[in-house]
Amino acid sequence: MPGTLVAMPGVLPDGETVPVDGSLPATATATVGARGFGVYVHVPFCASRCGYCDFNTYTAAELGGGASREGYADTVLAELTLAARVLGDNPPPRVDTVFVGGGTPTLLPADDLARILDGIDRTWGLAADAEVTTEANPESVTPESLKQLRAAGYTRISLGMQSASPGVLAILDRKHSAGRATAAALEARDAGFEHVNLDLIYGTPGERAEDFAASLEQVVAAGVDHVSAYALIVEDGTRLAARMRRGELAYPSDDVAADRYLAAEAALDAAGLSWYEVSNWARTEQARCRHNLLYWTGADWWGLGPGAHSHVGGVRWWNVKHPSAYAQRLTAGASPGLAREVLTVDEAHMEDVMLRLRLASGLPLAVLDATGRAGAERALADGLLAADEYAAGRAVLTLRGRLLADAVVRDLLP
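Residues numbered from 1 in each chain as written. Predicted model: local features only at pLDDT ≥ 70, side-chain atom pairs only at ≥ 80, totals over all residues. Heavy atoms only, no water.

**Quick look at the pattern of salt bridges**
Part 1: All told, the structure shown has 20 salt bridges when counted by the stated rule.
Part 2: Between D211 and R208 there is a salt bridge whose closest N-O contact spans 2.9 Å.
Part 3: As a salt-bridge pair, D352 and R356 come within 3.0 Å of each other at their nearest N and O atoms. In this pair, D352 and R356 both sit in helix α13 (residues 345–356), 4 residues apart, roughly one turn of the helix. (Salt bridge = Lys/Arg side-chain N within 4 Å of Asp/Glu carboxyl O. Helix = DSSP H or I, 4+ residues; strand = E, 2+ residues; numbered from the N terminus.)

**Description of the packing of helix α8 (residues 209–222) against helix α10 (residues 254–270)**
Part 1: With their axes 10 Å apart at the nearest point, α8 and α10 run at an angle of 30 degrees to one another. Comparing the axis directions of α8 and α10 gives the class roughly parallel. The hand of the α8/α10 crossing is right-handed. Between α8 and α10, the contacting residues are A209, F212, L216, V219 and V220 on the first element and R260, A263, A264, A267 and L268 on the second.
Part 2: Tallied by class, residues from the contact of α8 with α10 come to 9 nonpolar, no polar and 1 charged. (Axes fitted to C-alpha atoms, helices over the stretch in contact; angles between N-to-C directions. Parallel < 35°, antiparallel > 145°, perpendicular 65-115°, else oblique. Left-handed = near helix turned anticlockwise from the far one by under 90°. Contact = heavy atoms within 4.5 Å. Nonpolar A, V, L, I, M, F, W, Y, C, P; charged D, E, K, R; others polar.)

**Comments concerning the environment of D382**
Part 1: Along the polypeptide, D382 turns up in the loop between α14 (370–381) and α15 (387–391).
Part 2: Spatially, the C-alpha atom of D382 lies 37 Å from that of L172, the residues being 210 residues apart in sequence.

**Quick notes on the pairing of strand β1 (residues 37–43)**
Part 1: Of all the 7 residues making up β1, 7 are buried; the element is thus mostly covered by neighbouring parts of the structure.
Part 2: Direction of pairing for β1 relative to strand β2 (residues 95–102): parallel, over a ladder of 6 bridges. When the bridges of β2 are listed, V43 appears paired with G102. (Buried < 20%, exposed > 50% of the residue type's maximum accessible area, 1.4 Å probe, protein only. Pairing = 2+ DSSP bridges.)

**Let's talk about the domain arrangement of the chain**
Part 1: Parsing the chain into structural domains produces domain 1 (16–342) and domain 2 (345–412).
Part 2: Taken together, the contact pairs 16 residues of domain 1 with 12 residues of domain 2.
Part 3: The junction of domain 1 with domain 2 conceals about 1300 Å² of combined surface from both sides, 61% of it contributed by carbon and sulfur atoms.
Part 4: Taken as a group, W275, V278 and W296 account for 42% of the area that domain 1 buries against domain 2, more than any other trio of residues on that side.
Part 5: One can count 3 salt bridges joining domain 1 with domain 2.
Part 6: Note that E277 is salt-bridged to R358, the shortest N-O span being 2.8 Å.
Part 7: Elements represented by at least two residues in the side of domain 1 that touches domain 2 include exactly α10, β7 (274–277) and α11 (290–296).
Part 8: In terms of residue count, α10 provides more of the side of domain 1 that touches domain 2 than any other element does, 4 residues in total.
Part 9: Class assignment for the residues of the side of domain 1 that touches domain 2 results in 11 nonpolar, 2 polar and 3 charged. (Domains from an automatic or database assignment. Buried area = accessible area lost by both parts, 1.4 Å probe.)

**Re unusual backbone geometry**
Part 1: The linkage connecting G102 with the following residue, G103, adopts the cis geometry, with an omega of 15 degrees.
Part 2: Mapped onto the fold, G103 is located in the loop between β2 and α4 (110–124).
Part 3: With a phi close to 70 degrees, Q162 is a non-glycine residue in the positive phi region.
Part 4: Of note, Q162 is situated in strand β4 (residues 156–162).
Part 5: On the basis of relative accessibility, which here comes to 7%, the residue Q162 falls in the buried class.
Part 6: Even without glycine at this site, D173 takes up a positive phi of about 65 degrees.
Part 7: As for its placement among the helices and strands, D173 is situated in the loop between α6 (166–172) and α7 (180–191).

Here it is, written out as structure tokens:
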């Protein structure tokens, strides 16, 4: 499938132990931020759990003792203090992007989100043109809260629309009304946000072609400058997966997902939004999500919050998952890091190919070995790579190639 919904996963991988003080190898910190530096802040709170969600998020009933929204900003700032100590004499030259995700970050008071951003600025310094994004559920913001966030320095907002169909929203257990997302997008524009994104999910059981067409029409009418569209993935352990196992709902169809993707490309391209990553379209180059581009091009970032992932100089680590355990470690003066891995040359190459091929800018053919070049030639012959770009020395997916992106990636790797 061309794109899948990506967020903070509920299940974390294995890895080697993170030192108690969170220290990194000198080789990792020597060139921090040379390719850009971002900060991710994970806010793990949700008012309710959506049926498809297996992200590292918690409702009030799921939190238990030892963690609360009220003290969360202070806990994140404590990890930021630790991060500054770890990077020590090798701080990033600046923070290019900040992305506050979740969960539902806007369940925190706007003042807390402002304090976190101010802490990042005081610690490492925001670039003059820094992109600062927060995710939000449409029902979790108001015109006033949006104005407060904009005044605090947030420049971009990403709203979880998912669908314009009440029936599809009900299957996904979304709580907002069908028109609330586009209304919130207009409110964000009125509040002064420079860039507004709407997220869509396609391929939900019961979704008709006309339902998705209506969602695209609403997105275009809202005048946003960025759209993300992801195929629904059914994760084990979710309510949606349980309903499918019981036969209450049909499993998603790859053919339907492909049709929906083609519909998205046609509608968004006609509206002046161009794809720059397989699942993302932007109206201008400035509207592209620079934070995600840092991920996709192998830059450095520090992830704050429970379950958050970080990457510095080829070392990737992730924090303990539960907010209570996260807070307890920081209270004890210890790193919240659960485990880490040092990427080998082969692993770094694999990720580079996998991520950069999904971009409209593509991948230089020169980075491929003989096996990868042979795979690229086959993909070109099959119409999966663009001929003009290939002749210029780059592997760039065609529209058909985007539908088969994962298969193309596999063919380019050893």
